[in-house]
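Descriptive analysis of the structure
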Amino acid sequence: MVRLIPTAEVAFTSRLTERAFDAAAALRWVHSPAAGVGGMLFPAMRASRVVLSNSRGMNAVAVAEHASC
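Presented here is a report on the structure given in the accompanying data block. (Residues numbered from 1 in each chain as written. Predicted model: local features only at pLDDT ≥ 70, side-chain atom pairs only at ≥ 80, totals over all residues. Heavy atoms only, no water.)

1. Re the pattern of salt bridges
Throughout the structure, instances matching the rule amount to one salt bridge. Note that Glu9 is salt-bridged to Arg28, the shortest N-O span being 3.0 Å. In this pair, Glu9 sits in the segment before strand 1 (10-12) while Arg28 sits in the loop between helix 1 (18-23) and strand 2 (29-31), placing the two residues 19 residues apart along the sequence. Judged by relative accessible area, Arg28 falls into the exposed class, the value being 52%. (Salt bridge = Lys/Arg side-chain N within 4 Å of Asp/Glu carboxyl O. Helix = DSSP H or I, 4+ residues; strand = E, 2+ residues; numbered from the N terminus. Buried < 20%, exposed > 50% of the residue type's maximum accessible area, 1.4 Å probe, protein only.)

This is how it looks when you write it as structure tokens:
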């Protein structure tokens, strides 16, 4: 799979290293299945035009229901 990084346009991951990001020359969008993306906000990502999105709120109802039990 590592050999596919240079041609990847989209990544679905909760962890993207700077090394992988640097190798992903065609990357346009990263979506994290988690809410937190702080670990992916390294300088190169922030300076790039790559869109970074997350799944914030996806489990909000389930977590609230679990907490109320």
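2. What about the sheet that holds strand 1?
Strand-to-strand pairing in sheets goes through backbone hydrogen bonds, with the strands running parallel or antiparallel. One open sheet accounts for three strands, arranged 1-2-3; its pairing is parallel. Edge positions in the sheet fall to strand 1 and strand 3 (51-53), since each has one partner strand and no second. Looking at each pair of strands side by side, their axes are set apart by 10 degrees on average, direction ignored. Relative to strand 3, strand 2 runs parallel, the two sharing three bridges. Within the sheet, the bridge partner assigned to Val30 lies in strand 3 and is Leu52. (Pairing = 2+ DSSP bridges. Axes fitted to C-alpha atoms, helices over the stretch in contact; angles between N-to-C directions.)

3. Let's talk about a nonpolar patch on the surface
The grouping of Val10, Trp29 and Val51 at the surface amounts to a nonpolar patch, some 270 Å² of accessible area in total. Summarising the element assignment, Trp29 is placed in strand 2. (Patch = residues over 30% accessible without salt bridge, like charges linked within 9 Å, V, L, I, M, F, W, Y side chains within 5 Å. Areas by Shrake-Rupley, 256 points an atom, 1.4 Å probe, with all protein chains shown as cover.)

4. Brief notes about the packing of aromatic side chains
Taken as a whole and judged by the stated rule, the model has one aromatic pair. A ring pair is formed by Phe21 and Phe42, whose centres lie 5.5 Å apart and whose planes are at 70 degrees; its orientation type is edge-to-face. One end of the pair, Phe21, is in helix 1; the other, Phe42, is in the loop between strand 2 and helix 2 (43-47), and 21 residues separate them in sequence. There is no split in this pair, since Phe21 and Phe42 are both buried. (Phe/Tyr/Trp six-rings, centres within 6.5 Å; stacked < 30°, edge-to-face > 60°.)

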